[in-house]
Amino acid sequence: MIEQLAIQPTDIALFLVSFAACVYCIILSRRLKTLQDTRDGLGATIMAMNKSVAAVSSATRETRVQAGELTDRLAQMMREADKSCQRLSALQASVEASEGNLGRKADAVKSEVTSEMKLILQRSREEMREMKNCCRS
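The structure presented is a predicted model; accordingly, all values stated were derived computationally and were not measured. (Residues numbered from 1 in each chain as written. Predicted model: local features only at pLDDT ≥ 70, side-chain atom pairs only at ≥ 80, totals over all residues. Heavy atoms only, no water.)

> Could you give an account of the overall build of the chain, naming the residues involved and the relevant values?
Of the regular secondary structure elements, the chain holds three helices and zero strands. By residue count, 12% of the 137 residues in the chain fall in the buried class. For the chain, restricting intrachain contacts to residue pairs at least 6 apart in sequence, the fraction spanning at least 24 positions comes to 60%. (Helix = DSSP H or I, 4+ residues; strand = E, 2+ residues; numbered from the N terminus. Buried < 20%, exposed > 50% of the residue type's maximum accessible area, 1.4 Å probe, protein only. Contact = heavy atoms within 4.5 Å.)

Structure representation (structure tokens):
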């Protein structure tokens with residue numbers, strides 16, 4: 001004799017809960033695949049952010065290097081301008097001292113000092129132009 005298997009209500013409930021769990025797992029699996037997708041999902045966003053951070057870091061490094069170079073160049077120009085000012089002061093003192101002696105020697109020194117001052121003034125103007133260009137860069 002064949003016995004009939006009796007289906008209990010708990011068996012039906014267990015089957016329905018298992019079926020619902022399977023459906024839920026399938027839905028979660030699809031959502032995770034979408035999130036991990038490197039073309040449209042969260043993976044693509046993370047990759048884009050990584051690239052952006054790398055680009056900003058690179059630009060920051062380049063800017064720091066350029067700023068350091070410009071600072072060094074500007075400091076050198078400032079030292080040269082300072083030396084030029086000292087030379088001009090010395091030449092001015094020399095001219096004032098030579099004005100007391102009105103002989104030929106004074107005229108020769110005066111013309112030499114004047115030409116030297118013109119040269120120094122021209123150099124100072126060039127250095128100032130270069131400093132302005134550095135500051136604009």
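> Quick rundown of the environment of Ala 67? Include the residues and the values.
Along the polypeptide, Ala 67 turns up in helix 2 (residues 42-98). Spatially, the C-alpha atom of Ala 67 lies 9.8 Å from that of Cys 134, the residues being 67 residues apart in sequence.

> An account of the side chain of Ser 84 is requested, with residue identities and associated values reported.
Mapped onto the secondary structure, Ser 84 falls in helix 2. Those residues in contact with Ser 84, other than ones at most four positions away along the chain, are Ile 120, Ser 124 and Glu 127.

> If you had to explain a nonpolar patch on the surface to someone new, which residues and values would you point to?
Taken together, Ile 7, Ile 12, Phe 15, Leu 16, Phe 19, Val 23 and Ile 27 make up a surface patch of nonpolar side chains, about 710 Å² in accessible area. Its place among the elements puts Leu 16 in helix 1 (residues 9-36). (Patch = residues over 30% accessible without salt bridge, like charges linked within 9 Å, V, L, I, M, F, W, Y side chains within 5 Å. Areas by Shrake-Rupley, 256 points an atom, 1.4 Å probe, with all protein chains shown as cover. Salt bridge = Lys/Arg side-chain N within 4 Å of Asp/Glu carboxyl O.)

> Tell me about the confidence of the model for the chain, and please be specific about residues and values.
Confidence along the chain averages 81 in pLDDT terms, with 87% of residues attaining 70 or more. Within the chain, the element-level pLDDT minimum falls on helix 3 (residues 104-136), averaging 76, and the maximum on helix 1, averaging 91. (pLDDT = per-residue confidence, 0-100.)

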